[in-house]
Amino acid sequence: MSEYAQPVGYWTLSVLVVFLVASVWLATLAQRAMRKASFLQGYFLGNSGLGAWALALTATVQSGGTFMGYPSLIYTHGWVVSLWIASYMVVPITTFGVLAKRMAQLSRRTGAITVPDLFRERFASPAAGLISSLLIMFFMVFMIVAQFKAGASIMKVVWPVPPAGESAATGTSLDSLFLIGLALFTVTVVGYTMIGGFLAAVWTDLFQSVVMWIGVLLLLLLTLWHMGSFDVATQTAVQHTSAAFATAPGYAPDGREFLTPGLALSFFFVWVFGGVGSPATLVRLMACKDTRTIRRSVVLLSVYNVTIYLPLLLICVAARAVMPDLAVSDEVVPRMALWTTRDLWGGSLLAGLILVAPFGAVMATVSSYLVVIASGMVRDVYQRFVRPSATASELRWLTYATMVVVGVIAVAANLRPVAYLQAIIVFCGSSAAATFVVPALMATFWRRATAAGAVSAMLAGAATSLALLIAGSLLPDPMLGPATRFRSYYLFGLEPIVWGLLASLVFGVAVSAASRPPDGRIVERCFGTPPTD
Amino acid sequence: MRSFFTTAISALTVCESGSERPGECVMQVDHEDSVVRSSRREAVLVLGTWLAATAYTVGYCTFYGYERTWQSVTLLWGFPDWVFWGIVCPWLVCLGWSWWFAYRFMSDEPLEDTAEAIGAAGSQGPQDV
């Protein structure tokens, strides 16, 4: 038995169960809180009352990528992944400093509850609303399927079964454990999101963010305690791999270049604009309470990011030193949590607390995306185009049905689990950014922007990203970036988001300039000074 | 060439006051809400911050992180030197800069308006239930 395939105690699973129960309880509180206003305003926008902590720690939606994909890459490729993630140093200021005020203001002026709603009202165009809604649902479904796999994988790790060699004797196969984890995860997350809607997603996200932060810092301390110093961690990791583990473009036994300078530059677009243009982030900006909240959120998220991403680098480099032959690199954080707590009294309980971090991140992402997808279906498609006179009860049941259907689709897609979690997350995040950043900027800052221009910008960004993905899947592996079959074509060595944003910008500006100017009354409503009575 | 640029700029910005198509005339700059103006100003500074961070981090790491031998790498608090100076230090600088931006540069303004005066009645969408 490998020394780091630790048997898991029931305490670990118990902590996770307590975490799930706490999340459901928060959802019931959220359900009571949202009753103050209309169903749609409360269920999908939380009555526009997000405070600084909720906005800061949930806006950029740390996902399974943060606690599984990113650590997996560090473990595999080494210190160069710090350059890959480095743009998170400006993510707080870009996320809140560019669009937050105007999105919040426009949401209030137009009565928009969702991002498609806002595009529809700003450009007086049902087509802009419908197209944006369909694109959001398309990208979110991909993301959500990948996150369900992450959640089930974590549940599998913490299930208290004998080590691999003895599983046959108990009759419990590891695939069955994955399915059990998938079922538990699905029922819980879909359930609490159905109960409490947007506020449930935000409050549980906030709770999970705090737990994640504590979990990572605990794991950092435990890792340091075991290693003695992080210098030793890097030195040992290099011994197990090569000098490339401590330099760029990173370690890869097959000779690929994980991060060329061109890709490093690209990721300063990916994470920054991926944050700015994420539909889940945009709707949170719309829901913030006031500008003081936005300012405090910049600082809170800045502190949070530096205390999450830098420690994870140190932890996962140390993991390479102590567990050099981990079979599934996605499991590096759970495995490290179990390894560092194996000799501690109450270690199983402590491991559970640390394991809640990646699990919570995945749950938070799934619940946020469920709300976005459901709002798109209910508000932007059904209420706008099918039954404008739908009652609150009807909308509520349609919302529940949509969430259940999405959950079923995610489970079905994971009966043969998706690979390349991080690659899917990067693709979806980048494509969403290429699709929505330019239209959002046009809507909030450019009076001359037209509906035709906004729609063209969306379609151009999405089409460019998809075209480069298809090209990358058909062409031979360029031996750049992560080793995955789900890859894009790196035109001139750059990530597709760069070209997607460029195409979106060119089409957005050109088509706006060429099309009829917008109605002055709409522009006055969205940009004008309110008259003093 | 000059007339081309003049035409292009006109197409991209407001139309002249007294347009023959008054219903389509985009509003003038001096009627713009203060939130719009302050947001634009802040967005420009944020863009500059992003560009500076990108240039420094990618530039520094490109020069000092690639094509290094293990013997040439120095470890500082567990970080390789190029990571420490190229990523950790600017990250901490951004932390301080973000604080300054949030508490010294970004302005507080009301987000709520008198909805009726701004023509919320102009919304033709379905009733909120």
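Bear in mind that the values here come from a model prediction, so they are computed numbers and not experimental data.

The rules behind the values
- Residues numbered from 1 in each chain as written.
- Chains lettered and ligands numbered in written order.
- Predicted model: local features only at pLDDT ≥ 70, side-chain atom pairs only at ≥ 80, totals over all residues.
- Heavy atoms only, no water.
- Helix = DSSP H or I, 4+ residues; strand = E, 2+ residues; numbered from the N terminus.
- Contact = heavy atoms within 4.5 Å.
- Areas by Shrake-Rupley, 256 points an atom, 1.4 Å probe, with all protein chains shown as cover.
- Buried < 20%, exposed > 50% of the residue type's maximum accessible area, 1.4 Å probe, protein only.
- Expected span 1.5 Å × (residues − 1).
- Polar contact = N/O pair within 3.5 Å; in protein donor to acceptor, adjacent residues only side chain to side chain.
- Core = buried A, V, L, I, M, F, W, Y, C linked by side-chain atoms within 4.5 Å.
- Axes fitted to C-alpha atoms, helices over the stretch in contact; angles between N-to-C directions.
- Parallel < 35°, antiparallel > 145°, perpendicular 65-115°, else oblique.
- Left-handed = near helix turned anticlockwise from the far one by under 90°.
- Nonpolar A, V, L, I, M, F, W, Y, C, P; charged D, E, K, R; others polar.
- Phe/Tyr/Trp six-rings, centres within 6.5 Å; stacked < 30°, edge-to-face > 60°.
- Lys NZ or Arg CZ within 6 Å of the ring centre and 35° of its normal.
- Buried area = accessible area lost by both parts, 1.4 Å probe.
- Salt bridge = Lys/Arg side-chain N within 4 Å of Asp/Glu carboxyl O.
- 1 Å grid on protein atoms, 1.4 Å probe; cavity = no way out; pocket = protein on both sides within 12 Å on 5 of 7 lines; lining within 4 Å.
- Points joined across faces, edges and corners; volume = space filled by probe spheres on them.
- pLDDT = per-residue confidence, 0-100.

## Overview of the overall build of chain B
Here is step 1 of the chain: Within chain B, the secondary structure is distributed over 3 helices and 2 strands.
Here is step 2 of the chain: When the helices and strands of chain B are listed from N to C terminus, the series reads α-α-β-β-α.
Here is step 3 of the chain: Considering only residue pairs separated by 6 or more positions, chain B has 47% of its internal contacts joining residues 24 or more positions apart.
Here is step 4 of the chain: Total accessible area computed for chain B in this model is approximately 7,600 Å², and 64% of it derives from carbon and sulfur atoms.

## Side note on the overall build of chain A
Here is step 1 of the chain: In terms of regular secondary structure, chain A is built from 22 helices and 0 strands.
Here is step 2 of the chain: Buried residues in chain A amount to 66% of all 533 residues.
Here is step 3 of the chain: For chain A, the share of sequence-separated contacts (at least 6 apart) that also reach a separation of at least 24 residues comes to 85%.
Here is step 4 of the chain: Only carbon and sulfur atoms are counted for the fraction: they give 68% of the accessible area of chain A, which is about 17,000 Å².

## Topic: helix H2 (residues 34-65) of chain B
Here is step 1 of the chain: With 32 residues, H2(B) should reach 46 Å at 1.5 Å per residue; the first-to-last C-alpha distance of 45 Å fits that figure.
Here is step 2 of the chain: Capping the start of H2(B), Asp33(B) holds a side-chain oxygen 2.8 Å from the backbone nitrogen of Val35(B), two or three residues further along.

## Quick notes on the nonpolar core
Here is step 1 of the chain: Counting residues in hydrophobic clusters, the biggest one holds 200 residues, and the most contacted among them are Trp84(A), Ile144(A) and Leu259(A).
Here is step 2 of the chain: Examining the composition of this core, we find that 19 residues originate from one element, helix H15 (residues 291-322) of chain A, more than from any other.
Here is step 3 of the chain: Setting aside its immediate chain neighbours within four residues, Leu259(A) contacts Val80(A), Leu83(A), Trp84(A), Pro249(A), Ala264(A), Phe267(A) and Tyr66(B).

## Let's talk about the packing of helix H20 (residues 451-474) of chain A against helix H21 (residues 496-514) of chain A
Residue and element names in this part refer to chain A.
Here is step 1 of the chain: Their axes nearest at 7 Å, the elements H20 and H21 cross at an angle of 155°. Viewed along their axes, H20 and H21 adopt a mutual orientation that is roughly antiparallel. Crossing of H20 against H21: the hand is right-handed. On the side of H20, the interface is formed by Ala452, Gly453, Ser456, Ala457, Met458, Ala460, Gly461, Thr464 and Leu468, while H21 contributes Pro496, Trp499, Gly500, Ala503, Ser504, Phe507, Gly508, Val511 and Ser512.
Here is step 2 of the chain: Among the residues making up the contact of H20 with H21, the classes are represented as 10 nonpolar, 8 polar and no charged.

## With respect to the packing of aromatic side chains
Here is step 1 of the chain: Enumeration over the complete set of coordinates arrives at 27 aromatic pairs over all chains.
Here is step 2 of the chain: Judged by centre distance (4.5 Å) and plane angle (40°), the ring pair of Tyr60(B) and Tyr64(B) falls under tilted. Of this pair, Tyr60(B) and Tyr64(B) both sit in helix H2, 4 residues apart, which is roughly one turn of that helix.
Here is step 3 of the chain: Among the aromatic residues, those joined into a cluster by ring pairs are Tyr70(A), Trp84(A), Tyr88(A), Phe258(A), Phe267(A), Trp271(A) and Tyr309(A).
Here is step 4 of the chain: Its end group placed over the ring of Phe527(A), Arg102(A) keeps NZ or CZ at 4.6 Å from the ring centre.
Here is step 5 of the chain: Against the face of Tyr75(A) rests Arg320(A), its NZ or CZ located 4.7 Å from the ring centre.

## Regarding the interface of chain A and chain B
Here is step 1 of the chain: If you look at the interface, chain A gives 90 residues, while chain B gives 74 residues.
Here is step 2 of the chain: Both faces combined, the contact of chain A with chain B buries some 7,100 Å², and carbon together with sulfur accounts for 67% of it.
Here is step 3 of the chain: It is Met89(A), Lys101(A) and Arg295(A) that lose the most area in chain A upon contact with chain B, and together they represent 11% of the buried surface on that side.
Here is step 4 of the chain: Inspection of the chain A/chain B interface yields 5 salt bridges.
Here is step 5 of the chain: The partner of Asp33(B) in a salt bridge is Arg109(A), with the nearest N and O atoms 3.1 Å apart.
Here is step 6 of the chain: Between chain A and chain B we count 21 residue pairs in polar contact (both at pLDDT 80 or more) in total.
Here is step 7 of the chain: With 14 residues, the top contributor of residues to the side of chain A that touches chain B is H15(A).
Here is step 8 of the chain: Broken down by class, the residue content of the side of chain A that touches chain B amounts to 52 nonpolar, 18 polar and 20 charged.

## Quick word on the pattern of salt bridges
Here is step 1 of the chain: Under the definition given, this model contains 17 salt bridges over all chains.
Here is step 2 of the chain: For Lys101(A), the salt bridge identified is with Glu109(B), shortest N-O distance 2.9 Å. Separated into two different chains, Lys101(A) in helix H7 (residues 100-110) and Glu109(B) in the segment after helix H3 (81-105) make up a pair that spans both. Glu109(B) carries the same exposure label as Lys101(A), and that label is buried.
Here is step 3 of the chain: Close ionic contact of Asp343(A) with Arg342(A) constitutes a salt bridge, the shortest N to O distance being 3.9 Å.
Here is step 4 of the chain: A residue is classified by how much of its surface remains accessible, and Asp343(A), at 61% relative accessible area, is exposed.
Here is step 5 of the chain: The class for Arg342(A) is partly exposed, based on a relative accessible area of 34%.
Here is step 6 of the chain: Connected via shared salt-bridge partners are Asp117(A), Glu121(A), Arg379(A), Arg384(A) and Arg525(A).

## A closer look at empty space enclosed by the protein
Rolled over the atoms, a probe as big as a water molecule pinpoints where empty space is left.
All names here are of chain A.
Here is step 1 of the chain: This structure, assessed with the given rule, holds 3 cavities of 30 Å³ or more.
Here is step 2 of the chain: The volume enclosed by the second largest cavity comes to roughly 140 Å³.
Here is step 3 of the chain: Taken together, 19 residues make up the lining of the second largest cavity; nearest its centre are Thr114, Val283, Val371, Val372 and Ser375.
Here is step 4 of the chain: Elements with a minimum of two residues in the lining of the second largest cavity: helix H8 (115-123), helix H9 (126-158), helix H11 (174-227), helix H14 (279-286) and helix H17 (347-386).
Here is step 5 of the chain: Top element by residues in the lining of the second largest cavity is H17. It accounts for 6 residues.
Here is step 6 of the chain: Of the residues belonging to the lining of the second largest cavity, the class tally is 12 nonpolar, 5 polar and 2 charged.

## Section: the confidence of the model for chain B
All names here are of chain B.
Here is step 1 of the chain: Looking at chain B as a whole, the pLDDT averages 77, with 64% of positions reaching at least 70.
Here is step 2 of the chain: Predicted confidence is poor over residues 14-25, with pLDDT under 50, and the contacts of this stretch with residues over four places away or in other chains come to 19 contacts.
Here is step 3 of the chain: Long-range and interchain partners of residues 114-129, a stretch whose pLDDT sits below 50, account for 32 contacts in this model, where long-range means more than four residues apart.
Here is step 4 of the chain: Scoring of the predicted complex yields 0.85 for pTM and 0.86 for ipTM.

## Comments concerning the environment of Phe207(A)
Residues and elements named next belong to chain A.
Here is step 1 of the chain: With respect to the element layout, phenylalanine 207 can be found in helix H11.
Here is step 2 of the chain: With 174 residues separating them along the chain, phenylalanine 207 and alanine 33 place their C-alpha atoms 16 Å apart.
Here is step 3 of the chain: Not counting the four nearest positions on each side in its chain, phenylalanine 207 is found in contact with Phe19, Ala22, Ser23 and Leu26.

## Structural notes on the environment of Lys101(A)
Here is step 1 of the chain: Taking the relative accessible area as the measure of exposure, Lys101(A) reaches 2% and is therefore buried.
Here is step 2 of the chain: Considering only alpha carbons, one finds Lys101(A) and Asp290(A), 189 residues apart in sequence, at a separation of 8.2 Å.
Here is step 3 of the chain: Not counting residues within four places of it along the chain, the set of residues in contact with Lys101(A) comprises Thr291(A), Ile294(A), Val35(B), Ser38(B), Ser39(B), Glu42(B), Met106(B), Ser107(B), Glu109(B) and Leu111(B).
Here is step 4 of the chain: For Lys101(A), the side chain forms a polar contact with the main-chain oxygen of Ser107(B), separated by 2.8 Å.

## Description of unusual backbone geometry
Residues and elements named next belong to chain A.
Here is step 1 of the chain: Residue proline 249 is reached from alanine 248 by a cis peptide bond, and omega for that bond is 5°.
Here is step 2 of the chain: Examined against the element boundaries, proline 249 turns out to sit in the loop between helix H12 (230-240) and helix H13 (261-276).
Here is step 3 of the chain: Positive phi is not limited to glycine here, since phenylalanine 492 has a value of about 55°.
Here is step 4 of the chain: Checked against the element boundaries, phenylalanine 492 lands in the loop between H20 and H21.
Here is step 5 of the chain: With a relative accessible area of 70%, phenylalanine 492 lands in the exposed category.

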